[in-house]
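Now for the letters of each chain:
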Amino acid sequence: MDCDDEVMLTVRITAAERALLRDLARGHGGDVSEVAVDGLLEVVPALHDDASVLPLLRVLARPAPCAVTLWLPAPVADLLPLLGERLARTGGPAAGPASAALSAALRLWLAGDRAVLAAGLARLHGGLGAAVAPTAAPARITVAA
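In this report, the structure presented in the accompanying data block is examined.

Here is what the cut-offs are and how they apply
- Residues numbered from 1 in each chain as written.
- Predicted model: local features only at pLDDT ≥ 70, side-chain atom pairs only at ≥ 80, totals over all residues.
- Heavy atoms only, no water.
- Helix = DSSP H or I, 4+ residues; strand = E, 2+ residues; numbered from the N terminus.
- Buried < 20%, exposed > 50% of the residue type's maximum accessible area, 1.4 Å probe, protein only.
- Contact = heavy atoms within 4.5 Å.
- 1 Å grid on protein atoms, 1.4 Å probe; cavity = no way out; pocket = protein on both sides within 12 Å on 5 of 7 lines; lining within 4 Å.
- Points joined across faces, edges and corners; volume = space filled by probe spheres on them.
- Pairing = 2+ DSSP bridges.
- Salt bridge = Lys/Arg side-chain N within 4 Å of Asp/Glu carboxyl O.
- Core = buried A, V, L, I, M, F, W, Y, C linked by side-chain atoms within 4.5 Å.
- Patch = residues over 30% accessible without salt bridge, like charges linked within 9 Å, V, L, I, M, F, W, Y side chains within 5 Å.
- Areas by Shrake-Rupley, 256 points an atom, 1.4 Å probe, with all protein chains shown as cover.
- Lys, Arg positive; Asp, Glu negative; His and termini not counted.
- Charge placed at Lys NZ, Arg CZ, Asp CG, Glu CD.
- Polar contact = N/O pair within 3.5 Å; in protein donor to acceptor, adjacent residues only side chain to side chain.

Right, let's talk about the overall build of the protein for a bit. For the protein, the helix and strand inventory stands at seven helices and two strands. Secondary structure of the protein in N-to-C order comes out as β-α-α-α-β-α-α-α-α. Taking all 145 residues of the protein together, 41% fall into the buried category. Looking at the protein alone, contacts between residues at least 24 apart form 78% of all its contacts between residues at least 6 apart.

A complete count under the given rule lists one cavity of 30 Å³ or more for this structure. Within this model, the largest cavity holds a volume of roughly 40 Å³. Lining the largest cavity we find L40, L41, V44, V76, L79 and L80.

Across the two faces of strand β1 (residues 6-13) the burial differs, with V7, L9, V11 and I13 buried and E6, M8, T10 and R12 not buried at all. Relative to strand β2 (residues 66-73), β1 runs antiparallel, the two being bridged by eight bridges. Within β2, the position partnered with V7 by the bridge is L72.

Opposite charge on two side chains makes pairing possible when the charged atoms of those side chains draw close. Applying the stated criterion across every chain, the model contains four salt bridges. The residue D23 makes a salt bridge to R26 at a minimum N-O spacing of 2.8 Å. Taken together, the residues D23 and R26, both in helix α1 (residues 15-28) and three residues apart, mark about one turn of the helix. Judged by relative accessible area, D23 falls into the partly exposed class, the value being 23%. Connected via shared salt-bridge partners are E17, R62 and R107.

Among the nonpolar cores identified, the biggest contains 38 residues, and L24, L56, L70, L72, L102, L106 and W109 are the most heavily contacted of them. Residue contacts for L56: discarding those within four places in its chain leaves L47, L83, L87, A104, A105 and L108.

Looking now at the environment of L41. Take L41: it is sitting in helix α2 (residues 32-43). Measuring from C-alpha to C-alpha, the distance between L41 and W109 comes to 9.8 Å, with 68 residues separating the pair along the chain.

Right, let's talk about a negative patch on the surface for a bit. On the surface, D5, E6, D31 and E34 cluster together into a negatively charged patch. For D31, the location among the structural elements is in the loop between α1 and α2.

With that settled, consider the side chain of R107. Take R107: it is sitting in helix α6 (residues 97-110). In this structure the side chain of R107 is engaged in a polar contact, spanning 2.9 Å, whose partner is the side chain of E17.

This paragraph deals with the environment of E17. Tracing the sequence through the fold places E17 in helix α1. In this structure, the C-alpha to C-alpha distance between E17 and L106, residues 89 residues apart in sequence, is 9.1 Å. Non-local contacts of E17, meaning those with residues more than four positions away in its chain, are made with R62, R107 and L110.

This is the structure in structure tokens:
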């Protein structure tokens, strides 16, 4: 991609994933694109070979009716065609590989535990920003005497 600053891409995610992305952005004090980039920085390095792409293919197989437009820094967006090519090689969609790769990687990241995602965002930004509280109450641990 040859944009200097940012690249705009549209991703397909579910309504629940979109709500989680918005909640994480609100809790972090950033915007949805910033949170998506942080998620990509966590997920993409783990996808180093064709075998590690299989979870992305499973994510892409599930319907995703919502379109969300994201702005990515050009260096991050430049990684997506490579991931898209790997997806296509392993049986994924061949059309729009950058957008499909972004959708899959973002959905894979959003499939993680909500509290862990929020804690990761806080760590990534030096503990700045509030963490999003998990939806369920934490389990109580009792110690038998």
